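# Fold and geometry: a report
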Amino acid sequence: MSQVVQTRRLQAVDLIKRKAEGRKIIALTAYHAHTARIVDAYCDFVLVGDSLGMVMHGMESTLPVTLEMMILQAQAVMRGTSRALVVVDMPFGSYEASREQAFLNAARVLKETGAGAVKLEGGARFAETVAFLTERGVPVMGHIGLTPQSVNTMGGFKVQGHGAGDEDRLRADARAISDAGAFSIVMEGIVEPVARAIATDPAIRAATIGIGATAACDGQILVLEDMLGLSDRVPRFVKSFGSLRAHIEEAVRAYADEVQAGRFPADGHTYPPR
Ligand SMILES: Nc1nc(=O)c2c([nH]1)NC[C@@H]1CN(c3ccc(C(=O)N[C@@H](CCC(=O)O)C(=O)O)cc3)CN21
Ligand SMILES: CC(C)C(=O)C(=O)O
Ligand SMILES: [Mg+2]
(Lines give C-alpha, C1' and ligand atoms only; values in the text may rest on other atoms or scores of the structure.)
(Ligands and ions follow the chains in the order given, each with its own letter.)
Protein backbone atom coordinates (compact mmCIF):
# COMPACT_ATOMS: atom_id res chain seq x y z
CA MET A 1 0.00 0.00 0.00
CA SER A 2 1.35 3.38 -0.92
CA GLN A 3 2.08 5.80 1.84
CA VAL A 4 -0.27 8.75 1.95
CA VAL A 5 1.55 11.93 2.83
CA GLN A 6 -0.41 13.51 5.62
CA THR A 7 -0.52 17.26 5.22
CA ARG A 8 -2.62 18.72 7.97
CA ARG A 9 -3.06 22.22 9.13
CA LEU A 10 -0.90 23.43 11.94
CA GLN A 11 -2.88 23.54 15.17
CA ALA A 12 -2.77 25.83 18.16
CA VAL A 13 -0.98 23.23 20.31
CA ASP A 14 1.76 22.92 17.67
CA LEU A 15 2.88 26.48 18.45
CA ILE A 16 3.66 25.49 22.05
CA LYS A 17 5.79 22.62 20.71
CA ARG A 18 7.58 25.10 18.45
CA LYS A 19 8.45 27.21 21.47
CA ALA A 20 9.84 24.16 23.29
CA GLU A 21 11.93 23.21 20.24
CA GLY A 22 13.23 26.75 19.80
CA ARG A 23 12.12 26.93 16.15
CA LYS A 24 10.93 30.42 15.22
CA ILE A 25 7.23 30.92 14.51
CA ILE A 26 6.53 32.83 11.29
CA ALA A 27 3.29 34.79 10.97
CA LEU A 28 1.69 37.50 8.84
CA THR A 29 -1.78 38.95 8.56
CA ALA A 30 -4.02 38.28 5.55
CA TYR A 31 -7.53 39.45 4.78
CA HIS A 32 -8.15 37.95 1.33
CA ALA A 33 -7.95 34.58 -0.40
CA HIS A 34 -5.27 35.66 -2.89
CA THR A 35 -2.80 37.05 -0.36
CA ALA A 36 -3.55 34.20 2.04
CA ARG A 37 -2.58 31.71 -0.68
CA ILE A 38 0.85 33.35 -1.00
CA VAL A 39 1.66 33.58 2.71
CA ASP A 40 0.29 30.10 3.52
CA ALA A 41 3.44 28.51 2.07
CA TYR A 42 5.75 30.36 4.48
CA CYS A 43 3.75 31.03 7.62
CA ASP A 44 2.93 28.86 10.63
CA PHE A 45 -0.13 30.94 11.31
CA VAL A 46 -2.03 33.58 9.41
CA LEU A 47 -3.85 36.21 11.44
CA VAL A 48 -7.08 37.69 10.16
CA GLY A 49 -6.46 40.90 12.10
CA ASP A 50 -8.96 43.58 12.98
CA SER A 51 -6.34 45.91 11.47
CA LEU A 52 -8.37 45.14 8.32
CA GLY A 53 -10.60 48.05 9.35
CA MET A 54 -7.69 50.47 9.00
CA VAL A 55 -5.86 48.74 6.13
CA MET A 56 -8.79 47.74 3.88
CA HIS A 57 -11.45 50.24 4.89
CA GLY A 58 -9.45 53.36 5.82
CA MET A 59 -10.88 53.53 9.35
CA GLU A 60 -8.99 55.67 11.89
CA SER A 61 -8.90 52.85 14.44
CA THR A 62 -9.97 49.20 14.77
CA LEU A 63 -12.97 50.08 16.95
CA PRO A 64 -15.69 50.13 14.23
CA VAL A 65 -14.80 46.63 12.98
CA THR A 66 -17.69 44.17 13.39
CA LEU A 67 -17.84 40.41 13.98
CA GLU A 68 -19.52 40.06 10.57
CA MET A 69 -16.53 41.74 8.87
CA MET A 70 -14.12 39.41 10.67
CA ILE A 71 -16.12 36.31 9.74
CA LEU A 72 -16.39 37.32 6.06
CA GLN A 73 -12.63 37.88 5.67
CA ALA A 74 -11.78 34.79 7.74
CA GLN A 75 -13.88 32.69 5.34
CA ALA A 76 -11.84 34.13 2.45
CA VAL A 77 -8.54 33.42 4.22
CA MET A 78 -9.60 29.85 5.04
CA ARG A 79 -10.31 29.25 1.32
CA GLY A 80 -6.83 30.54 0.46
CA THR A 81 -4.90 28.45 3.01
CA SER A 82 -4.28 24.76 3.58
CA ARG A 83 -1.29 24.39 5.91
CA ALA A 84 -1.17 27.44 8.19
CA LEU A 85 -3.21 27.80 11.36
CA VAL A 86 -5.75 30.59 10.85
CA VAL A 87 -6.29 32.86 13.87
CA VAL A 88 -9.12 35.42 13.89
CA ASP A 89 -9.15 38.64 15.93
CA MET A 90 -12.20 39.11 18.14
CA PRO A 91 -13.26 42.70 17.34
CA PHE A 92 -13.90 45.45 19.90
CA GLY A 93 -17.17 44.85 21.77
CA SER A 94 -17.46 41.14 20.94
CA TYR A 95 -15.83 39.63 24.07
CA GLU A 96 -15.34 42.18 26.86
CA ALA A 97 -18.79 42.20 28.50
CA SER A 98 -18.70 38.67 29.91
CA ARG A 99 -17.16 35.22 29.54
CA GLU A 100 -20.47 34.08 28.05
CA GLN A 101 -20.49 36.83 25.43
CA ALA A 102 -16.90 35.94 24.53
CA PHE A 103 -17.71 32.24 24.18
CA LEU A 104 -20.85 32.75 22.08
CA ASN A 105 -19.03 35.06 19.64
CA ALA A 106 -15.84 32.96 19.52
CA ALA A 107 -17.97 29.86 18.84
CA ARG A 108 -19.63 31.73 15.94
CA VAL A 109 -16.19 32.51 14.51
CA LEU A 110 -15.02 28.89 14.69
CA LYS A 111 -18.35 27.47 13.40
CA GLU A 112 -18.81 29.89 10.51
CA THR A 113 -15.19 30.05 9.32
CA GLY A 114 -13.45 26.80 10.29
CA ALA A 115 -10.55 28.82 11.72
CA GLY A 116 -8.43 27.16 14.42
CA ALA A 117 -8.22 29.88 17.07
CA VAL A 118 -9.28 33.36 18.11
CA LYS A 119 -7.22 36.25 19.47
CA LEU A 120 -8.38 38.78 22.04
CA GLU A 121 -6.71 41.88 23.47
CA GLY A 122 -6.04 42.25 27.17
CA GLY A 123 -4.00 41.00 30.10
CA ALA A 124 -4.75 39.67 33.57
CA ARG A 125 -8.29 41.13 33.55
CA PHE A 126 -9.16 38.71 30.73
CA ALA A 127 -7.58 35.60 32.27
CA GLU A 128 -11.02 34.31 33.34
CA THR A 129 -12.31 34.74 29.79
CA VAL A 130 -9.29 32.95 28.35
CA ALA A 131 -9.84 30.00 30.73
CA PHE A 132 -13.59 29.90 30.02
CA LEU A 133 -13.01 29.70 26.27
CA THR A 134 -10.10 27.25 26.43
CA GLU A 135 -12.03 24.88 28.73
CA ARG A 136 -14.86 24.91 26.17
CA GLY A 137 -12.75 24.07 23.13
CA VAL A 138 -11.74 27.49 21.82
CA PRO A 139 -7.97 27.94 21.50
CA VAL A 140 -7.08 31.50 22.53
CA MET A 141 -4.18 33.73 21.55
CA GLY A 142 -3.69 36.68 23.88
CA HIS A 143 -2.45 40.17 22.96
CA ILE A 144 -0.67 42.49 25.42
CA GLY A 145 1.26 45.75 25.42
CA LEU A 146 0.03 48.21 22.77
CA THR A 147 -3.53 46.98 22.41
CA PRO A 148 -5.08 49.03 19.58
CA GLN A 149 -8.68 48.50 20.76
CA SER A 150 -7.75 50.54 23.87
CA VAL A 151 -6.58 53.52 21.78
CA ASN A 152 -9.03 55.83 23.53
CA THR A 153 -7.92 54.89 27.06
CA MET A 154 -4.19 54.64 26.19
CA GLY A 155 -4.28 58.15 24.67
CA GLY A 156 -3.15 56.97 21.25
CA PHE A 157 -1.13 54.09 19.79
CA LYS A 158 1.52 54.36 22.54
CA VAL A 159 4.49 52.09 23.04
CA GLN A 160 4.24 50.38 26.45
CA GLY A 161 6.84 49.61 29.12
CA HIS A 162 8.51 53.00 29.71
CA GLY A 163 7.03 53.58 33.16
CA ALA A 164 8.14 52.31 36.55
CA GLY A 165 6.23 49.15 37.33
CA ASP A 166 5.32 48.53 33.69
CA GLU A 167 7.59 45.49 33.43
CA ASP A 168 5.96 43.85 36.45
CA ARG A 169 2.46 44.64 35.14
CA LEU A 170 3.17 43.35 31.62
CA ARG A 171 4.87 40.23 32.99
CA ALA A 172 1.85 39.59 35.26
CA ASP A 173 -0.45 40.03 32.24
CA ALA A 174 1.55 37.52 30.17
CA ARG A 175 1.75 34.99 33.03
CA ALA A 176 -1.96 35.31 33.82
CA ILE A 177 -3.17 34.57 30.28
CA SER A 178 -0.55 31.87 29.79
CA ASP A 179 -1.64 30.20 33.05
CA ALA A 180 -5.28 30.56 31.96
CA GLY A 181 -4.50 28.38 28.95
CA ALA A 182 -3.64 30.77 26.09
CA PHE A 183 -1.47 28.87 23.59
CA SER A 184 0.26 32.03 22.42
CA ILE A 185 0.55 35.73 23.22
CA VAL A 186 1.10 38.62 20.81
CA MET A 187 3.41 41.21 22.40
CA GLU A 188 2.92 44.51 20.58
CA GLY A 189 4.73 47.83 20.98
CA ILE A 190 6.72 47.05 24.15
CA VAL A 191 10.17 48.57 24.78
CA GLU A 192 12.87 46.04 23.97
CA PRO A 193 14.42 45.11 27.33
CA VAL A 194 11.00 44.76 28.95
CA ALA A 195 9.71 42.66 26.05
CA ARG A 196 12.87 40.53 26.19
CA ALA A 197 12.47 39.88 29.91
CA ILE A 198 8.91 38.63 29.34
CA ALA A 199 9.70 36.63 26.19
CA THR A 200 12.47 34.77 28.02
CA ASP A 201 10.49 34.25 31.25
CA PRO A 202 10.56 30.47 31.87
CA ALA A 203 7.23 30.72 33.73
CA ILE A 204 5.42 31.56 30.48
CA ARG A 205 4.27 28.44 28.63
CA ALA A 206 2.51 30.28 25.79
CA ALA A 207 4.47 31.03 22.62
CA THR A 208 5.29 34.75 22.41
CA ILE A 209 4.83 36.53 19.08
CA GLY A 210 6.45 39.93 18.69
CA ILE A 211 5.37 43.02 16.72
CA GLY A 212 7.40 46.03 17.73
CA ALA A 213 8.73 44.06 20.71
CA THR A 214 11.92 41.97 20.62
CA ALA A 215 13.76 39.40 18.51
CA ALA A 216 13.76 37.24 21.66
CA CYS A 217 10.09 36.38 21.06
CA ASP A 218 9.30 32.84 19.90
CA GLY A 219 7.99 34.28 16.64
CA GLN A 220 7.21 37.47 14.76
CA ILE A 221 4.21 38.94 12.99
CA LEU A 222 3.67 41.99 10.78
CA VAL A 223 0.71 43.39 8.85
CA LEU A 224 1.25 42.07 5.31
CA GLU A 225 0.43 45.35 3.54
CA ASP A 226 2.94 47.15 5.78
CA MET A 227 5.88 44.84 5.06
CA LEU A 228 5.06 44.80 1.34
CA GLY A 229 5.42 48.56 1.16
CA LEU A 230 1.75 49.13 0.30
CA SER A 231 0.59 51.04 3.40
CA ASP A 232 1.25 54.79 3.29
CA ARG A 233 1.95 55.32 7.00
CA VAL A 234 3.58 52.58 9.06
CA PRO A 235 4.78 52.31 12.67
CA ARG A 236 8.54 52.32 13.41
CA PHE A 237 8.55 48.55 13.97
CA VAL A 238 7.72 47.83 10.32
CA LYS A 239 10.50 46.80 7.96
CA SER A 240 9.71 47.16 4.28
CA PHE A 241 10.44 43.89 2.49
CA GLY A 242 8.90 45.08 -0.78
CA SER A 243 7.69 48.16 -2.66
CA LEU A 244 4.23 47.17 -3.87
CA ARG A 245 2.94 50.72 -3.80
CA ALA A 246 5.49 51.82 -6.43
CA HIS A 247 4.86 48.68 -8.51
CA ILE A 248 1.10 49.21 -8.50
CA GLU A 249 1.46 52.90 -9.33
CA GLU A 250 3.74 52.08 -12.26
CA ALA A 251 1.28 49.51 -13.65
CA VAL A 252 -1.72 51.80 -13.23
CA ARG A 253 0.13 54.68 -14.95
CA ALA A 254 1.12 52.41 -17.88
CA TYR A 255 -2.51 51.25 -18.22
CA ALA A 256 -3.83 54.81 -18.19
CA ASP A 257 -1.24 55.86 -20.81
CA GLU A 258 -2.10 52.93 -23.13
CA VAL A 259 -5.85 53.45 -22.90
CA GLN A 260 -5.35 57.17 -23.54
CA ALA A 261 -3.17 56.41 -26.59
CA GLY A 262 -5.56 53.77 -27.93
CA ARG A 263 -2.81 51.11 -27.65
CA PHE A 264 -4.85 48.99 -25.19
CA PRO A 265 -6.68 46.77 -25.98
CA ALA A 266 -4.44 45.42 -28.77
CA ASP A 267 -5.50 42.65 -31.20
CA GLY A 268 -4.55 39.92 -28.70
CA HIS A 269 -7.04 41.28 -26.17
CA THR A 270 -10.07 41.48 -28.52
CA TYR A 271 -12.22 38.74 -30.12
CA PRO A 272 -11.85 38.27 -33.86
CA PRO A 273 -14.89 36.98 -35.82
CA ARG A 274 -15.05 33.17 -36.36
N1 LIG B 1 -1.35 48.96 8.92
C2 LIG B 1 -1.38 48.69 10.23
N3 LIG B 1 -0.29 48.17 10.82
C4 LIG B 1 -0.29 47.88 12.15
O5 LIG B 1 0.74 47.40 12.66
C6 LIG B 1 -1.47 48.12 12.89
C7 LIG B 1 -2.60 48.63 12.22
N8 LIG B 1 -2.52 48.92 10.90
N9 LIG B 1 -3.78 48.84 12.86
C10 LIG B 1 -3.96 48.30 14.19
C11 LIG B 1 -2.74 48.45 14.95
C12 LIG B 1 -2.39 49.90 15.23
N13 LIG B 1 -0.97 49.82 15.31
C14 LIG B 1 -0.13 50.90 15.49
C15 LIG B 1 -0.43 52.14 14.95
C16 LIG B 1 0.43 53.21 15.14
C17 LIG B 1 1.58 53.08 15.86
C18 LIG B 1 2.47 54.26 16.04
O19 LIG B 1 2.32 55.25 15.39
N20 LIG B 1 3.45 54.17 16.93
C21 LIG B 1 4.45 55.19 17.11
C22 LIG B 1 5.04 55.07 18.48
C23 LIG B 1 4.50 56.05 19.44
C24 LIG B 1 5.25 55.95 20.77
O25 LIG B 1 6.49 56.06 20.75
O26 LIG B 1 4.61 55.74 21.79
C27 LIG B 1 5.61 54.98 16.13
O28 LIG B 1 6.30 55.96 15.85
O29 LIG B 1 5.82 53.84 15.70
C30 LIG B 1 1.89 51.83 16.42
C31 LIG B 1 1.04 50.76 16.22
C32 LIG B 1 -0.50 48.50 15.04
N33 LIG B 1 -1.56 47.89 14.27
C1 LIG C 1 -0.98 43.54 14.32
C2 LIG C 1 -1.67 42.27 14.70
C3 LIG C 1 -1.04 41.60 15.87
C4 LIG C 1 -3.14 42.50 14.91
O5 LIG C 1 -3.69 42.37 15.95
C6 LIG C 1 -3.92 42.93 13.73
O7 LIG C 1 -3.43 42.89 12.59
O8 LIG C 1 -5.08 43.31 13.93
MG1 LIG D 1 -5.68 43.18 15.98
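These figures come from a predicted structure and were not determined experimentally.

### What to know about the coordination of the magnesium ion (ligand 3)
Surrounding the magnesium ion (ligand 3) are the protein donor atoms D50 (OD) and D89 (OD), which sit 2.1 to 2.2 Å from the metal. Pair noted here: D50 is in the loop between β2 (45–48) and α3 (52–55) and D89 is in strand β3 (residues 85–89), with a separation of 39 residues, a long-range link. We note that D50, like D89, is buried.

### Digging into the sheet that holds β3
Ordered by their spatial adjacency, eight strands build a closed barrel running β1-β2-β3-β4-β5-β6-β7-β8, and the pairing between neighbours is parallel. Going from strand to strand, the sheet's axes swing by 25 degrees on average, the running direction of each strand aside. As defined by bridge partners, β2 adjoins β3 across four bridges and the pair is classed as parallel. Across the sheet, residue V48 finds its bridge partner in β3, namely V88. Across the sheet, helix α1 (residues 12–21) touches β1 (25–29), β2, β3, β5 (140–145), β6 (184–188) and β7 (207–211), and the angle it forms with β7 is around 90 degrees.

### With respect to the confidence of the model for the chain
Summing up the model confidence of the chain, the mean pLDDT is 97 and the portion of residues at 70 or higher is 98%. With a pTM of 0.96, the predicted complex shows an ipTM of 0.95.

### Re the UniProt feature "binding site: Mg(2+)" (unreviewed entry) in the chain
The UniProt feature table records "binding site: Mg(2+)" (unreviewed entry) at D50, D89 and E121. On the basis of their most widely separated C-alpha atoms, the annotated residues across 72 residues gather in one place, lying no more than 10.9 Å apart. Ignoring any residue separated from it by four or fewer positions in sequence, one finds D50 in contact with T62, V65, M70, D89, E121 and Q149. Mapping E121 onto the fold places it in the loop between β4 (117–119) and α6 (127–135). The exposure class assigned to E121 is buried, which follows from its relative accessible area of 5%. Other than its neighbours up to four places away in sequence, E121 contacts D50, Y95, F126, H143, T147, P148, Q149 and S150.

### Description of the site of ligand 2
In the vicinity of ligand 2, the contacting residues are T29, L47, G49, D50, S51, D89, K119, H143, V186, I211 and V223. D50 places a side-chain nitrogen or oxygen 2.8 Å from an oxygen atom of ligand 2. D89 places a polar side-chain atom, nitrogen or oxygen, 2.9 Å from an oxygen atom of ligand 2. For ligand 2, whose free accessible area comes to 260 Å², the fraction covered by protein is 94%. Among the residues making up the shell around ligand 2, the classes are represented as four nonpolar, four polar and three charged.

Cut-off values and rules
For every chain, the first residue of its written sequence is number 1, and the numbers climb from 1 along that sequence. To label them, take the chains in the order written and letter them from A, then take the ligands in the order written and number them from 1. Predicted model: local features are reported for residues with pLDDT of at least 70 only, side-chain atom pairs are reported and counted for 80 or more only, and whole-chain, interface and lining totals are derived from all residues. Side-chain measures were taken over the full set of non-hydrogen atoms in the model, leaving aside hydrogen atoms and water. Think of the donor list as every N, O and S atom within 2.8 Å of the metal, or within 3.2 Å for Na, K and Ca; water never makes the list, so a site can look incomplete. Helix and strand definitions here come from DSSP, where helices need a minimum of 4 consecutive H or I residues and strands a minimum of 2 consecutive E residues; each element is numbered from the N-terminal end. For every residue, the accessible area obtained with a 1.4 Å probe (protein chains only) is divided by the maximum for its type, and the residue is called buried under 20%, exposed over 50%, and partly exposed between those limits. In short, DSSP must find at least two bridges between two strands for them to pair. Geometry is summarised by axes, namely lines fitted to C-alpha atoms with helices restricted to the contacting stretch, and by angles between N-to-C directions that run from 0 to 180 degrees. Whether two residues are in contact is decided by their heavy atoms: any pair within 4.5 Å suffices. How sure the predictor is of each residue is captured by pLDDT, a score from 0 to 100. UniProt positions are given in the numbering used here, feature names are shortened, and annotations may be inferred rather than shown by experiment. Near, as used in this document, describes a residue that has one of its heavy atoms within 4 Å of the molecule or strand being considered. In protein, a polar contact requires one atom able to donate a hydrogen and another able to accept it; more generally it is a pair of N or O atoms within 3.5 Å, and residues adjacent in sequence count only if both atoms are side-chain atoms. Reported accessibility uses the Shrake-Rupley method at a 1.4 Å probe radius. Residues are deemed covered only where the shown protein chains occlude them. Charged means Asp, Glu, Lys or Arg here, nonpolar means Ala, Val, Leu, Ile, Met, Phe, Trp, Tyr, Cys or Pro, and polar covers whatever is left, Gly included.

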